[in-house]
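Summary of structural features
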Amino acid sequence: MPLKVYNTLTGQKEEFKPLHPPKVGMYVCGVTVYDYCHVGHARGALTFDIIRRYLKYKGYELTYVRNITDIDDKIIQRAAELGIPWDELAGKYAEEYYKDMQALGIAKADYEPFATKHIADIQKVVQQLIDNGYAYEVEGDVYFEVRKFTTYGKLSGRNPDDMRSGARIEVDQRKRDPLDFALWKSSKPGEPSWDSPWGNPQGGKGRPGWHIECSAMSTRYLGDSFDIHGGGKDLIFPHHENEIAQAEAASGKPFVKYWIHNGFVQVDQEKMSKSLGNFFTIKDILVEYPAEVVRFFLLKTHYRSPIDFSDKHLEEAKRGLERFYNTFHDVDLAFKGHVDKALSISELDTYREKFEAAMDDDFNTALAIGVLFDLARHTNRLLRDNDSSQSLFANVELIKELGGVLGLFEQEVIRVTFGANVSMSVNVKMLKPEELVALLVEDRNKARANKNWASADAIRKQLEELGIIIEDRPEGTIWRFKV
RNA sequence: GGCGGCAUAGCCAAGUGGCUAAGGCAGAGGUCUGCAAAACCUUUAUUCCCCGGUUCGAGUCCGGGUGCCGCCUCCA
């Protein structure tokens, strides 16, 4: 089945045909490190984590680059407010960013370049643009001349003549056109700076503009033309539009084939953002919910749709996840089942095919999760009918394998055994002293044997308050953690 | 003002021309059970914001309207 992706550049879903199969190059705009990351950043990172995982599942050889912006106005401003060096601030939040990503189960990209480590590459592109006649220098600043790039606006569907530049900010009179944007900025005394050929007769000090680093670093690692470039919807204009102008004006070649943009996380129907102040940091949320719940919550909605962030929705996601874990546990418990109506291999293949069809359709994780729910229900049904535990393990394996493509069900588990014939898998991260629980369960069962229901119920209730669920089943008592 | 997106059950959310509109959560009834939980079964949208149109046939395409959101300024 062909993979289809929605391409912002054409406004359509297109069949994914890499430039040099099976190799695929993907560049994603990461974060500017001046503060903690919030759930919106998590969604962006997660979207491309899924795309990466699925491309690999499909057998592509992916090179994934995700940058970190460690020099810009916000960093300088925030550092000044705090009275600390700008690079100390950037370093600190880069560290925090790495921690957040790791906590969310989002692996590092193959390359995670920092802007300040690529000043030479950036200057090379700026010079190239000047040489090609697309950029001009004014008092140490270098601007891109938008009117020279005739296809400007093709990504965001804008016409330069329609844009009301300067409607909300003052236009720098030194620019030839209000739309022109900075490639290189001269530095004021005390600001971070690098030597440059621009400004003063013999060259001056300055720093890169915001957009140029992505053009420079993406092509540095992936070549002048590559397959996928991604980021949040808010980057379409001006950031990505400008990247295209810079890269194509410099190289003379098409820059990116597929542009992919993820939708926003909203709070009460409004975009979650730093400027509105309505954000929740990743750290805050991970105190309340396991990372897997956050991941599941985000993947229940297609990546391009807006998603409303709320406690209620997180709780819903948690319960849904619990459903899968219950199935895993129950199949474990049915270890000694017998063989009859097993799911055939071809039936399992049908689920795999449906899952792939969903993911092939522009990474439709919401639909794909629906397929996993179907398989879980099917498995529970077979379990009820006393089917083969062997074949049901195959079901669970498939759920875990496909869930793994979404980064779900990946936690390390250990097997815990009670008495002679009851055992189960426990998420090791959530592990509490299991011997103690086993002991309490034993005590409770003694109480039950004596029909001391009050005592038995009290133990169950107390354990539940600790996050441990007791269930009395025909085959014996089991316990599990709440998700 | 320009450009783009969204509107599907109590809530969340798939579906973008054709069998009875996925799935999850919540609710109701049932099976099981000391009780509870889990699981399973049944049930919850004659209908997809409104009005026109195209078509044998539209939630799905086209036109108009209403509401909401985003970008045009830093933003994932």
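Being a predicted model, the structure only gives us computed values, none of them experimental. (Residues numbered from 1 in each chain as written. Chains lettered and ligands numbered in written order. Predicted model: local features only at pLDDT ≥ 70, side-chain atom pairs only at ≥ 80, totals over all residues. Heavy atoms only, no water.)

This part takes up the sheet that holds strand β14 (residues 307-308). Overall, mixed pairing links the three strands, which are arranged β13-β12-β14 in an open sheet. Looking at strand neighbours, the two that pair on one side only are β13 (270-271) and β14, the edges of this open sheet. (Pairing = 2+ DSSP bridges. Helix = DSSP H or I, 4+ residues; strand = E, 2+ residues; numbered from the N terminus.)

The next subject is the pairing of strand β1 (residues 4-7). Burial along β1 is one-sided: the face carrying Val-5 and Asn-7 is buried and the face carrying Lys-4 and Tyr-6 is not. In terms of strand pairing, β1 meets strand β2 (residues 12-15) through four bridges, oriented antiparallel. Counterpart to Val-5 in the pairing with β2 is Glu-14. Hairpin connection between β1 and β2: a loop of four residues separates the two successive antiparallel strands, and Gly-11 in this loop has a positive phi of roughly 70°. (Buried < 20%, exposed > 50% of the residue type's maximum accessible area, 1.4 Å probe, protein only.)

Scanning all chains against the criterion turns up 28 aromatic pairs. Relative to Phe-255, the ring of Phe-226 has its centre 5.3 Å away and its plane inclined at 85°; by these criteria the two rings are edge-to-face. Within this pair, whereas Phe-226 is found in strand β10 (residues 226-232), its partner Phe-255 is found in the loop between α6 (236-251) and β11 (256-262), the two being separated by 29 residues in sequence. Pair check on accessibility: Phe-226 and Phe-255 agree, each one buried. Here Tyr-325 and Phe-328 contribute two aromatic rings whose centre-to-centre distance is 5.5 Å and whose plane-to-plane angle is 80°, an arrangement assigned as edge-to-face. Of this pair, Tyr-325 and Phe-328 both sit in helix α9 (residues 311-333), three residues apart, roughly one helical turn. By the burial criterion, Tyr-325 is buried, and Phe-328 matches it. (Phe/Tyr/Trp six-rings, centres within 6.5 Å; stacked < 30°, edge-to-face > 60°.)

Among the nonpolar cores identified, the biggest contains 86 residues, and Phe-16, Leu-55, Phe-309, Phe-355, Leu-406 and Phe-409 are the most heavily contacted of them. A per-element tally of this core places helix α1 (residues 39-57) first, with nine residues. Val-125, Tyr-152, Cys-214 and Ala-216 belong to the second largest nonpolar core, which has 37 residues in total. (Core = buried A, V, L, I, M, F, W, Y, C linked by side-chain atoms within 4.5 Å.)

For the coordinates displayed, the defined rule picks out four cavities of 30 Å³ or more. When its volume is computed, the largest cavity comes out at roughly 90 Å³. In terms of lining, the largest cavity is formed by Arg-43, Leu-46, Thr-47, Ile-50, Ile-51, Leu-298, Leu-299, Thr-301, His-302, Tyr-303, Phe-363 and Thr-365. Elements that contribute at least two residues to the lining of the largest cavity include exactly α1 and α8 (291-299). Considering only residue class, the lining of the largest cavity consists of seven nonpolar, four polar and one charged. (1 Å grid on protein atoms, 1.4 Å probe; cavity = no way out; pocket = protein on both sides within 12 Å on 5 of 7 lines; lining within 4 Å. Points joined across faces, edges and corners; volume = space filled by probe spheres on them. Nonpolar A, V, L, I, M, F, W, Y, C, P; charged D, E, K, R; others polar.)

Inspection of helix α2 (residues 73-82) places Ile-75, Ile-76 and Ala-79 among the buried residues, and these make up the whole buried set. Projected onto a plane normal to the axis of α2, the buried residues spread over an arc of 100° and lie on a single side. Where α2 begins, one side-chain oxygen reaches toward the backbone nitrogen of Lys-74, 3.0 Å away; that side chain belongs to Asp-72. Following α2 by one or two positions, Gly-83 has its phi on the positive side, about 70°. (Arc of directions from axis to C-beta. Polar contact = N/O pair within 3.5 Å; in protein donor to acceptor, adjacent residues only side chain to side chain.)

Turning next to the domain arrangement of chain A. Domain annotation for chain A reports domain 1 (4-132 + 213-262) and domain 2 (412-483). On a C-alpha basis, the centres of domain 1 and domain 2 stand 48 Å from each other. (Domains from an automatic or database assignment.)

So, on to the sheet that holds strand β3 (residues 23-32). In a beta sheet, neighbouring strands are held together by backbone hydrogen bonds and run either parallel or antiparallel to one another. On the basis of which strands lie adjacent, the open sheet formed by four strands has the order β4-β3-β10-β11 and parallel pairing. Either end of the sheet is taken by a strand with one partner, and the two such strands are β4 (61-69) and β11. When the angles between neighbouring strand axes are averaged without regard to direction, this sheet yields 20°. Here eight bridges tie β3 to β4, and the two strands are oriented parallel to one another. What sits directly across from Val-28, in β4, is Arg-66. This element, α6, spans β3, β10 and β11 of the sheet and lies at about 160° to β10. (Axes fitted to C-alpha atoms, helices over the stretch in contact; angles between N-to-C directions. Contact = heavy atoms within 4.5 Å.)

Another point: unusual backbone geometry. Cis peptide bonds are those with omega within 30 degrees of zero, and the linkage from Pro-21 to Pro-22 qualifies with 5°. Following the sequence through the fold, Pro-22 ends up in the loop between β2 and β3. Note the cis peptide between Phe-237 and Pro-238, where omega equals 0°. Looking at the element boundaries, Pro-238 is found in helix α6. Positive phi outside glycine occurs at Asp-362, with the angle close to 55°. In the Ramachandran plot, Phe-363 falls in the positive-phi region, its phi being about 55° despite a non-glycine side chain.

Attention now moves to the pattern of salt bridges. Pairing is possible between side chains that carry opposite charge, provided their charged atoms lie close to one another. Enumeration over the complete set of coordinates arrives at 35 salt bridges. Among the ionic pairs, Asp-362 bridges to Arg-304, the shortest N-O distance being 2.9 Å. Taken as a pair, Asp-362 in the loop between α10 (345-360) and α11 (365-384) and Arg-304 in the loop between α8 and β14 lie far apart in primary sequence, 58 residues in all. Using a relative accessible area of 24% as the deciding quantity, one classes Arg-304 as partly exposed. Taken together, the shared-partner salt bridges in this structure form one network comprising Glu-322, Asp-330, Glu-471, Arg-473 and Arg-480. (Salt bridge = Lys/Arg side-chain N within 4 Å of Asp/Glu carboxyl O.)

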